[in-house]
Amino acid sequence: MPFQPIEAPKCPRCGKSVYAAEERLAGGYVFHKNCFKCGMCNKSLDSTNCTEHERELYCKTCHGRKFGPKGYGFGTGAGTLSMDNGQQFLRENGDSPSVRNGARLEPRAIARAPEGEGCPRCGGYVYAAEQMLARGRGWHKECFKCGSCKKGLDSILCCEAPDKNIYCKGCYAKKFGPKGYGYGQGGGALQSDCYAHDDGAPQIRAAIDVDKIQARPGEGCPRCGGMVYAAEQKLSKGREWHKKCFNCKDCHKTLDSINASDGPDRDVYCRTCYGKKWGPHGYGFACGSGFLQTDGLTEDQISANRPFYNPDTTSIKAREGEGCPRCGGAVFAAEQQLSKGKVWHKKCYNCTDCHRPLDSMLACDGPDGDIYCRACYGKHFGPKGFGYGHAPTLVSTSGESTIQFPDGGPLNGARTSGGCPRCGFAVFAAEQMISKSRIWHKRCFYCSDCRKSLDSTNLNDGPDGDIYCKACYGRNYGTKGCGYGIGAGALTTF
């Protein structure tokens, strides 16, 4: 019997055999890898965006355009929003379509369940794969919607009503929530339609008169004098207030434990009213515009209403040499400030010239035993003359230099043969600069001609054993002649 090879499946697009190494599956058909493309836009497909229809392949977008529902709003993108009116799907008598895309739409047959066991809305059996639970019974997923607006519900939105139906939160509040202006937390629950009929309007309770039951003198609410019970009490400085009475005396703002302020008149105020009435007055006080008040008060009236105590640091004198260097009074631990082993009062710890308050960062101890801020210290004891320092206060007042040692040389010590080549004194490790195995002082490491400070980038050792900058070295020991350094055409020497 002759050998007959197994016939390979045919590709629906090109009709040729498809072998295992190049096959692609879709809709039960086998395609070549090169034929696995959209029949409309020729886009390459894969298992995530492939849709098969009557042995032809489409991407999801093209399939929706060709076979999906038509009309404004259908689909999920602009490609499926067309303007046709669906006349091709209507019957001759204009009724709703019974056939769509080649499929007949049959009404769903629902198996009726015994009374009280099926879906409360349609009465059919509810299977585990589609059940939604509410009121202890199972509902179809498609029946689990609001009984008023037909909005689909879930376990968060569902509200079980007294009429044994289910509603969304908005419809439940409209139908069963409290009525009247201000009830609820949204526009759906703010209704007053019940007032159209007198029988449906709720009875409005009169305001509770909290001072009707009077307490013994000094024991009741400080504002109304009524008895305060535990369910309505508010505490302030050990006194009990009614919740209704616990508001600002001036602006009547409702208070709590955060914004309540007890005034000296044994009443309560909000923070703003307390600051206006009892806080400091005048421009710039406190931290907000609510406190920047003068209220037409004079300085004498303000001083009289707000007592001020100015401590006298000299009232308790210390022994000679042990007190504050400025006032001589005894300095206690709570107010002491330290400066060069001396103890100062915090009130006295300021610049002796400009009286600026000082701290450990700003204080400068002067040679006269007093303390200064940095600017005043520079004026009195800093170097004078044009260019010294970086502040405009460092100016020369006498025209003479105040530098005692302009050359910067050492004051003592013996000259040695192995010392600095410029000054001859010994060079220690903290200040040495090295040049051609010779050690220099950092202050002596400058150009011999222009006295420019040098470093490793601009240092040049001259044949005479001295050091120069690049410009002075070229001037003294560089090549001479017209044209050097410009080009190769005009190099002459003289």
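Residues numbered from 1 in each chain as written. Predicted model: local features only at pLDDT ≥ 70, side-chain atom pairs only at ≥ 80, totals over all residues. Heavy atoms only, no water.

Asker: Please set out the overall build of the protein residue by residue, giving values where relevant.
Answerer: Secondary structure summary: the protein contains 6 helices and 22 strands in total. Sequence-distant contacts in the protein: of pairs separated by 6 or more residues, those separated by 24 or more amount to 15%. Surface summary for the protein: the accessible area is close to 35100 Å², and the carbon and sulfur share equals 53%. (Helix = DSSP H or I, 4+ residues; strand = E, 2+ residues; numbered from the N terminus. Contact = heavy atoms within 4.5 Å. Areas by Shrake-Rupley, 256 points an atom, 1.4 Å probe, with all protein chains shown as cover.)

Asker: Give me the lowdown on the packing of aromatic side chains, citing residues and values where you can.
Answerer: This model, assessed by the stated rule, comprises 12 aromatic pairs. Pairing Tyr468 with Tyr477 gives two aromatic rings, centres 5.7 Å apart and planes at 70 degrees, and the pair type is edge-to-face. Relative to Tyr477, the ring of Tyr473 lies with its centre 5.5 Å away and its plane at 45 degrees, an arrangement referred to as tilted. Here Tyr477 and Tyr473 lie together in helix H6 (residues 470-477), a separation of 4 residues that amounts to about one turn. Owing to a relative accessible area of 27%, Tyr473 belongs among the partly exposed residues under this scheme. Overall, Tyr477 belongs to the partly exposed group, its relative accessible area being 33%. The structure contains a cluster of three or more aromatic residues connected by ring pairs, namely Tyr167, Tyr172 and Phe176. (Phe/Tyr/Trp six-rings, centres within 6.5 Å; stacked < 30°, edge-to-face > 60°. Buried < 20%, exposed > 50% of the residue type's maximum accessible area, 1.4 Å probe, protein only.)

Asker: Explain the environment of His140 to me, using residue names and the numbers behind them.
Answerer: Following the sequence through the fold, His140 ends up in strand E8 (residues 137-140). Distance from His140 to Ala128, taken between C-alpha atoms, is 9.6 Å for residues 12 residues apart in sequence.

Asker: Before we move on, could you go through the pairing of strand E2 (residues 29-32) and cite the residues and values that matter?
Answerer: As judged from the 4 bridges shared by strand E1 (residues 23-26) and E2, these two strands associate in the antiparallel manner. Pairing of Ala26 across the sheet is with Tyr29, part of E2. (Pairing = 2+ DSSP bridges.)

Asker: Describe a nonpolar patch on the surface, with residues and values.
Answerer: A cluster of nonpolar side chains, Ile213, Met227 and Tyr229, forms an exposed patch at the surface whose accessible area comes to about 280 Å². Note on placement: Ile213 falls in the loop between helix H2 (169-176) and strand E11 (233-236). For Ile213, a relative accessible area of 48% gives the class partly exposed. (Patch = residues over 30% accessible without salt bridge, like charges linked within 9 Å, V, L, I, M, F, W, Y side chains within 5 Å. Salt bridge = Lys/Arg side-chain N within 4 Å of Asp/Glu carboxyl O.)

Asker: Could you give an account of the confidence of the model for the protein, naming the residues involved and the relevant values?
Answerer: Note: predicted coordinates in regions of low pLDDT should not be interpreted at a detailed level. Summarising the model, the protein shows a mean pLDDT of 76, and 71% of its residues fall at 70 or more. Across residues 401-406 the pLDDT falls below 50, and counting only partners more than four positions away or on other chains, this stretch makes 5 contacts in the model. (pLDDT = per-residue confidence, 0-100.)

Asker: How would you sum up unusual backbone geometry? Please name residues and give values.
Answerer: In this structure, Asn42 takes a positive phi of about 60 degrees despite not being glycine. Of note in the backbone geometry, Lys164 takes a positive phi value of approximately 65 degrees without being a glycine. Tracing the backbone through its elements, the reader meets Lys164 in the loop between strand E9 (159-160) and strand E10 (166-167). Taking relative accessible area as the criterion, Lys164 reaches 64% and is therefore assigned exposed.

Asker: An account of the pattern of salt bridges is requested, with residue identities and associated values reported.
Answerer: If you walk through the whole model with that rule in mind, you get 8 salt bridges. As a salt-bridge pair, Arg443 and Glu431 come within 3.4 Å of each other at their nearest N and O atoms. Here Arg443 is found in the loop between strand E20 (438-441) and strand E21 (460-461), whereas its partner Glu431 is found in the loop between helix H5 (374-381) and strand E19 (432-435), with 12 residues between them in sequence.

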